[in-house]
Amino acid sequence: MLNGDAGPGVQRAMEIVATLGRIYGAPDLVPVTHVQIAGVSYKNLGDAGVEFLNEWADEGARVRVPTTLNPAGMEMDRWQAMGISPSFAEPQLSAVGAFVKMGVTPTMSCTPYLFPDYVPQRGDHLAWAESSAVAFANSVLGARTNREGGPSALAAAIVGRTPRYGYHLDGERLADVVIEVRCPLREVADFGALSYVVGKQVGSACLWFENLADYLPPLPDDVTEGGDAGDRLKTLGAGLAAYGAVTLYHVAGYTPEANDLGETLIKPGARRLVVDSLDPAYTIMDADPDLHQIDLVTVGCPHASLNEIRQIADMLAGQHLATQLWVTTARITRDRAREAGWVQTIEAAGGQVVADTCAVVAPVRSIGITSMATNAGKMACYAPAHSKVKMRYGSLEQCMDAALTGEWQAE
Amino acid sequence: MESTTRMQGRVIKSGKAAGRALVSPEPIGFLGGVDPDTGVVVEPNHPLNGQSVAGRVLVFPTGKGSTVGSYTILRLARNGVAPAAMLNAQSEAIVAVGAIIADIPMVDQLAIQFISDGDWVVVDGDAVEVYDQSTVA
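The model shown is predicted, which means the values in this text are computed figures rather than measured ones. (Residues numbered from 1 in each chain as written. Chains lettered and ligands numbered in written order. Predicted model: local features only at pLDDT ≥ 70, side-chain atom pairs only at ≥ 80, totals over all residues. Heavy atoms only, no water.)

Caption draft 1: Looking closely at the overall build of chain B. Within chain B one finds 3 helices and 8 strands. Reading chain B from its N end, one meets helices and strands in the order β-β-β-β-α-β-α-β-β-β-α. For 137 residues, the compact-globule formula gives about 14 Å, and the C-alpha radius of gyration of chain B, at 13 Å, lands near that figure. Reported as C-alpha extents along the three principal axes, the dimensions of chain B are approximately 40 × 25 × 25 Å. Across the 137 residues of chain B, 53% fall into the buried class. For chain B, restricting intrachain contacts to residue pairs at least 6 apart in sequence, the fraction spanning at least 24 positions comes to 68%. Accessible surface, chain B: about 5,500 Å² in total, of which carbon and sulfur atoms supply 49%. Looking at charge distribution, chain B has the averaged site of its 9 positive side-chain charges lying 6 Å from that of its 14 negative ones. (Helix = DSSP H or I, 4+ residues; strand = E, 2+ residues; numbered from the N terminus. Rg over C-alpha atoms; globule rule 2.2 N^0.38 Å. Buried < 20%, exposed > 50% of the residue type's maximum accessible area, 1.4 Å probe, protein only. Contact = heavy atoms within 4.5 Å. Areas by Shrake-Rupley, 256 points an atom, 1.4 Å probe, with all protein chains shown as cover. Lys, Arg positive; Asp, Glu negative; His and termini not counted. Charge placed at Lys NZ, Arg CZ, Asp CG, Glu CD.)

Structure below.
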């Protein structure tokens, strides 16, 4: 493949995979069962990225393993209704078209682990971009992936393999930092706040949460439903990867490797970190305390689970919203929620269940949004910088209250 | 004093290039750190803030930041404002992948402390020749 017999597209993919293997001293390549690609929104790709993906597709490159896509910058078949301009939509459609030509399934979601057809099994080797999904797959499911970039994930999909280094190896999955939480964690937003406090202090370390299981109900039998536990861990991993660069955390007595291997997963001499309070996180994440008028309430970062959509539908049933609400989720999850009637309930209240995108990768400023509220830690990390919006951060109840009244109320 | 230094590193992206060195003592994050349209370093408080990487042999310890930075390097190249080559002490995935997809010659495992701003640098495969700026001024 490296000498170009299979064409320039495959040759470039092999060059990327082989070079990364050399840089990180990988002994060989390991076959992957699934690839998740990031770098899908036109906002991040620019014209150069869109051209490049089309060239790669035209050169005949095709994926050899099941491969799914991160969110795009808009809902693919409803962008006009979202107020997206053709000058954004056309290159966005072109980029997704190039991925589809290469054989990628256009899921356009950051939560491939919530899809019945793709949820990884323990021990599976993956090449996933999207740092929040990487954290979930490694930590909660016990699968194995490094934190890939968009082009390196695509290259792995075309080659069907990834270099065997980092989190693919047992010895690299040991905890550097032991964390004890001494303050109550009541809801998803608290797990986002915890991700800020810890993420800011640990960089890319591997973590061992000593007592986090005290704040977690059991995972549902069907993990693709999310459940209260899945929703908390989804938020935690997303924030740890955004505020820090965490790729794997273990929860004592809870996550699969911790259950099997126990404290042998803690490196000798591991550092200890005690979390006494979430107040420092709320002060920073709830960044604009004088902001009361909210343009857009947005829930679903990472993309909302079935469990979250159900909770929102329950809170909004029979009521009418005073502000815009986007529940951002995967098309696959939205279809399941519609079968249960929850999407219809949210729409009847005036909210939108938006698929394929989110308020970080959509061009929200260009559609007139300047203030947002969310319960998602990763959204609070990225939206103010990427989208130049003001932000309130709090519980799902506060967010829905703001959506119903148009104003953010202190708790 | 010897005016020419010859070094041998590890090829990340093979190629030939020459240009004046632009040396950063700090890692570079391309997404949000370098303007993809102009090539100017825009990260606040970065030692290269306000300088353009266009056409320079960009010398820095390693990459940092978002993996989307690989695409920022591609955008620099397609906008005609990419570095002529990139030299690292130790390469990592973001910049390495950027160099490959943007076809920018890149070498790492180099003693970059022996390269100064403004030196004329010639890169050919794994070979790097550094001409002291005083001899080529």
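Caption draft 2: Fine view of the domain arrangement of chain A. Residue and element names in this part refer to chain A. Domains assigned within chain A are domain 1 (8-170), domain 2 (174-281) and domain 3 (286-405). With centres defined by C-alpha atoms, the gap from domain 1 to domain 2 works out at 26 Å. Counting from both sides, the interface comprises 22 residues of domain 1 and, opposite them, 22 residues of domain 2. Interface area for domain 1 against domain 2, summed over the two sides, is near 1,800 Å², with a carbon-plus-sulfur share of 62%. Inspection of the domain 1/domain 2 interface yields 1 salt bridge. D260 is the salt-bridge partner of R122, the closest N and O atoms lying 2.7 Å from each other. At the boundary of domain 1 and domain 2, one finds 4 residue pairs in polar contact (both at pLDDT 80 or more). For the side of domain 1 that touches domain 2, the per-class residue count stands at 11 nonpolar, 7 polar and 4 charged. (Domains from an automatic or database assignment. Buried area = accessible area lost by both parts, 1.4 Å probe. Salt bridge = Lys/Arg side-chain N within 4 Å of Asp/Glu carboxyl O. Polar contact = N/O pair within 3.5 Å; in protein donor to acceptor, adjacent residues only side chain to side chain. Nonpolar A, V, L, I, M, F, W, Y, C, P; charged D, E, K, R; others polar.)

Caption draft 3: A look at the environment of B:N79. Residue and element names in this part refer to chain B. Assignment of secondary structure puts N79 in the loop between helix 1 (69-78) and strand 5 (85-88). In sequence terms N79 and G19 are 60 residues apart; their C-alpha atoms lie 18 Å from each other. Once you skip the residues sitting within four places of it in the chain, N79 turns out to touch P36 and D37. A distance of 2.8 Å separates a polar atom in the side chain of N79 from the backbone oxygen of P36. At 3.4 Å, the side chain of N79 and the side chain of D37 are in polar contact.

Caption draft 4: Region of interest: the packing of aromatic side chains. Taken as a whole and assessed by the stated rule, the structure comprises 9 aromatic pairs over all chains. By the ring-pair criterion, three or more aromatic residues cluster together here, those being A:F52, A:W56 and B:Y71. Taking the ring centre of A:W56 as reference, the NZ or CZ of A:R12 above it sits at 5.4 Å. (Phe/Tyr/Trp six-rings, centres within 6.5 Å; stacked < 30°, edge-to-face > 60°. Lys NZ or Arg CZ within 6 Å of the ring centre and 35° of its normal.)

Caption draft 5: Up close: empty space enclosed by the protein. All names here are of chain A. This model, assessed by the stated rule, comprises 1 cavity of 30 Å³ or more. The space that makes up the largest cavity amounts to roughly 40 Å³. Every residue lining the largest cavity is listed: V188, K234, T235, G300, C301, P302, E308, N375 and A376. Looking at the lining of the largest cavity, the elements that each hand over two or more residues are helix 8 (227-243) and strand 10 (296-304). Across the lining of the largest cavity, the residue classes break down as 4 nonpolar, 3 polar and 2 charged. Residue assignment places the lining of the largest cavity across two domains, with domain 2 (174-281) and domain 3 (286-405) each supplying three or more. (1 Å grid on protein atoms, 1.4 Å probe; cavity = no way out; pocket = protein on both sides within 12 Å on 5 of 7 lines; lining within 4 Å. Points joined across faces, edges and corners; volume = space filled by probe spheres on them.)

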